Amino acid sequence: MIASTYVRNHTLDAADLPGLIQGIYSALAGLKAKPESHAAPKVQGPTARQIRRSISPKGLISFIDGAPYMMLKRHLRRHGLDPDSYRARYGLPADYPMVAPSYSERRSRIACSSGLPHRRRKWPAKADVGTTSGA
């Protein structure tokens, strides 16, 4: 197939055809013998220093694109990952945060100011059925 496509698109003498076929065969045999040379390089995980530097009060630096994010979860979904697979892919510890510390603190203050987690909801008293006047 490769030889026929080449001959169809290039001018070639009949005497050169065996050399072409031999060259194609040796090139393909060389590819088969050395699969490691064409393998994708392994992605090394970040170092402990890079992990510490990726967590700042302003945001978390993504190891995918290097941009800061307040929350990584939506960003990870765009790339087909969930938090666990992201941590596994980049060799991050299991307690690596998915939310920036400042955002987490702000949400915690909002929850506390609204009375969570100790505020109990007060339900209105049930009206007595017999005391309502009917027309």
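Residues numbered from 1 in each chain as written. Predicted model: local features only at pLDDT ≥ 70, side-chain atom pairs only at ≥ 80, totals over all residues. Heavy atoms only, no water.

## Topic: the overall build of the chain
Assigned secondary structure in the chain consists of 6 helices and 3 strands. Order of helices (α) and strands (β) in the chain, N terminus to C terminus: α-α-α-β-β-β-α-α-α. Classification of the 135 residues of the chain by burial places 16% in the buried group. When the accessible area of the chain is evaluated, it comes to approximately 11,400 Å², of which 57% is carbon and sulfur surface. (Helix = DSSP H or I, 4+ residues; strand = E, 2+ residues; numbered from the N terminus. Buried < 20%, exposed > 50% of the residue type's maximum accessible area, 1.4 Å probe, protein only. Areas by Shrake-Rupley, 256 points an atom, 1.4 Å probe, with all protein chains shown as cover.)

## Digging into a positive patch on the surface
A grouping of K73, R74, R77 and R78 is seen on the molecular surface, where their side chains present a positively charged patch. Relative to the helices and strands, R74 resides in helix α4 (residues 73–78). In this structure R74 comes out as exposed when scored by relative accessible area, which is 56%. (Patch = residues over 30% accessible without salt bridge, like charges linked within 9 Å, V, L, I, M, F, W, Y side chains within 5 Å. Salt bridge = Lys/Arg side-chain N within 4 Å of Asp/Glu carboxyl O. Lys, Arg positive; Asp, Glu negative; His and termini not counted. Charge placed at Lys NZ, Arg CZ, Asp CG, Glu CD.)

## A look at the packing of aromatic side chains
Counted under the stated rule, the structure contains 3 aromatic pairs. Members of the aromatic cluster, joined through ring pairs, are F63, Y86, Y90 and Y96. (Phe/Tyr/Trp six-rings, centres within 6.5 Å; stacked < 30°, edge-to-face > 60°.)

## Some details on the side chain of H75
Tracing the backbone through its elements, the reader meets H75 in helix α4. Setting aside its immediate chain neighbours within four residues, H75 contacts S62, I64, D65 and Y69. (Contact = heavy atoms within 4.5 Å.)

## With respect to the sheet that holds strand β1 (residues 55–56)
Read from one edge to the other, the open sheet built from 3 strands follows the order β1-β2-β3, with strand pairing classed as antiparallel. Lying at the two open borders of the sheet, with one neighbouring strand each, are β1 and β3 (68–69). The pairing of strand β2 (residues 59–61) with β3 spans 2 bridges and is classified as antiparallel. Looking at β3, one finds that I61 is bridged to P68. (Pairing = 2+ DSSP bridges.)

## Some points on helix α5 (residues 83–90)
Within an α-helix, residues lying three or four positions from one another point in the same direction, as the helix has 3.6 residues per turn. Restricting attention to buried positions, one finds in α5 the residues P83, Y86, R87 and Y90. The buried residues of α5 occupy an angular sector of 95 degrees when the element is viewed end-on, so they sit on one face. Exposed side of α5, more than 90 degrees from the buried face: D84 and A88 are the residues found there. For α5, the elements touching its buried residues are β2 and α4. Two residues or fewer after α5 comes G91, characterised by a positive phi angle close to 65 degrees. (Arc of directions from axis to C-beta.)

## Quick notes on the nonpolar core
If you look at the biggest cluster of nonpolar residues, it comprises 10 residues: I51, L60, L72, L76, L81, Y86, Y90, L92, Y96 and M98. Each residue touching L60, except ones within four places of it in the same chain, is listed here: S54, I55, A67, P68, Y69, L72, P97, M98, V99 and A100. (Core = buried A, V, L, I, M, F, W, Y, C linked by side-chain atoms within 4.5 Å.)

## Describing helix α6 (residues 101–113)
Counted at 1.5 Å a residue, the expected span for α6 with its 13 residues is 18 Å, and the 18 Å between its end C-alpha atoms agrees. One or two positions beyond α6, positive phi appears at G115, with a value near 100 degrees. (Expected span 1.5 Å × (residues − 1).)

## What about the confidence of the model for the chain?
Overall, the predicted model of the chain reaches an average pLDDT of 80, with 77% of residues at or above 70. Within the chain, no element has a lower average pLDDT than helix α2 (residues 17–33), which sits at 79, and none a higher one than β3, at 94. (pLDDT = per-residue confidence, 0-100.)

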